[in-house]
Amino acid sequence: MAKLTETTVNTIRHYHKLELLAEPERMSNGYKQYGTSHLLRLLQIRRMRELGIPLSDIDSVRDDHEQQQLALKHLDRELEEQIAELVRAREEVAQLLEHGAPIDTASGFIDIAATMSGPDRSLMSLYSRLYDEKTMSEFKTVMSQTTPFDREIDDLAEDADEATRERLAEAIAPNMRDQLESNPWMLAPTHGMRGDAEMSQAAIIGSILELYNAAQVDVIQRAFIKMFPDLDIPDEHRERFLEFIQAQVAKEQAEGP
């Protein structure tokens, strides 16, 4: 039976256990006596499995033509989706190879991976799980805009001195202002966010503190403080950001040290 159907003895036993294939009677010598009905039923099961019909559905469509047609239509939709996913995956693999990008680069950022630092790539990988496609496209536009100081900040040591931190903050503040004035939505952390906003924000904050050292975070904070008072953005964005900060402060105070 196993050889005729190109399966294994263990698989046949599994079908018996699931009651998809009837147990044959045993002969006087103790051996199971399989007949043509068992062979044909096993071939039927194997055929449905080859098509992708789940084992859990096989018994319900055994001799019901209408149910078989419904199962095939459902399977056809699933296969169409799987093929589309495979095509997208292959396209991304081709892009990764073309640009020599690290395998964990987020979708949509492959062509600019070479200009991004390792921490930036990791952060965008996290963002791609938290934000919708439109917002990620906007993030890509922002990440594509480089400055002469990016490399210096990427290589900044955690024990960088006060003068170095202040100089870099002054240097990147104008570019930060331009980015936020062009994309004021960046001041609203939940813009385009999917799922649980509080959980996502906690993941982002934790990842930033893990990926960037204290000096790098300090430089970004200093640059932000320098340009925020004169930031030319609609009041609604400024107010939303201030409300967010106030909520964060209140949350930290409530949680205590």
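Here is what the cut-offs are and how they apply
- Residues numbered from 1 in each chain as written.
- Predicted model: local features only at pLDDT ≥ 70, side-chain atom pairs only at ≥ 80, totals over all residues.
- Heavy atoms only, no water.
- Salt bridge = Lys/Arg side-chain N within 4 Å of Asp/Glu carboxyl O.
- Helix = DSSP H or I, 4+ residues; strand = E, 2+ residues; numbered from the N terminus.
- Buried < 20%, exposed > 50% of the residue type's maximum accessible area, 1.4 Å probe, protein only.
- Polar contact = N/O pair within 3.5 Å; in protein donor to acceptor, adjacent residues only side chain to side chain.
- Contact = heavy atoms within 4.5 Å.
- Patch = residues over 30% accessible without salt bridge, like charges linked within 9 Å, V, L, I, M, F, W, Y side chains within 5 Å.
- Areas by Shrake-Rupley, 256 points an atom, 1.4 Å probe, with all protein chains shown as cover.
- Lys, Arg positive; Asp, Glu negative; His and termini not counted.
- Charge placed at Lys NZ, Arg CZ, Asp CG, Glu CD.
- Expected span 1.5 Å × (residues − 1).
- Axes fitted to C-alpha atoms, helices over the stretch in contact; angles between N-to-C directions.
- Parallel < 35°, antiparallel > 145°, perpendicular 65-115°, else oblique.
- Nonpolar A, V, L, I, M, F, W, Y, C, P; charged D, E, K, R; others polar.

Examining the pattern of salt bridges
And then number 1: For the coordinates displayed, the defined rule picks out twelve salt bridges.
And then number 2: The closest approach of N and O atoms between Glu166 and Lys226, which form a salt bridge, is 2.5 Å. With a gap of 60 residues between them, Glu166 in helix H8 (residues 162-182) and Lys226 in helix H10 (residues 214-227) connect regions that are remote in the sequence.
And then number 3: Given the relative accessible area of 27%, Glu166 is considered partly exposed.
And then number 4: The exposure class of Lys226 is partly exposed, given its relative accessible area of 30%.
And then number 5: Note that Lys226 is salt-bridged to Glu170, the shortest N-O span being 3.2 Å. With Lys226 in helix H10 and Glu170 in helix H8, this pair connects stretches of sequence that are 56 residues apart.
And then number 6: Because the salt bridges share partners, they merge into one network encompassing Glu162, Arg165, Glu166, Glu170, Asp218, Arg222 and Lys226.

Describing the side chain of Thr105
And then number 1: Relative to the helices and strands, Thr105 is located in the loop between helix H4 (65-99) and helix H5 (118-130).
And then number 2: Judged by its relative accessible area of 8%, Thr105 falls in the buried class.
And then number 3: A distance of 2.8 Å separates a polar atom in the side chain of Thr105 from the backbone oxygen of Pro102.
And then number 4: Contacts of Thr105, omitting those with residues within four sequence positions, involve Leu96, Ile110, Ala113 and Arg121.

Quick notes on a negative patch on the surface
And then number 1: Where like charges cluster on the molecular surface, the negative patch consists of Asp76, Glu80, Glu81 and Glu85.
And then number 2: Along the chain, Asp76 turns up in helix H4.

Side note on H5
And then number 1: Under the 1.5 Å per step criterion, the end-to-end length of H5 is 19 Å for 13 residues, consistent within 8% with the ideal 18 Å.
And then number 2: Where H5 is concerned, the buried positions are Arg121, Leu123, Met124, Tyr127 and Leu130.
And then number 3: Buried positions along H5 lie against helix H6 (133-143) and helix H9 (197-211).

Focus: the packing of helix H1 (residues 9-17) against helix H2 (residues 36-51)
And then number 1: It is at 12 Å that the axes of H1 and H2 come closest, and there the two elements cross at 95°. Between H1 and H2, the angle is such that the two are roughly perpendicular. Taken together, the residues of H2 that come into contact with H1 (itself represented by Thr11, Ile12 and Tyr15) are Leu42, Ile45, Arg46 and Arg49.
And then number 2: Tallied by class, the residues present in the contact of H1 with H2 amount to four nonpolar, one polar and two charged.

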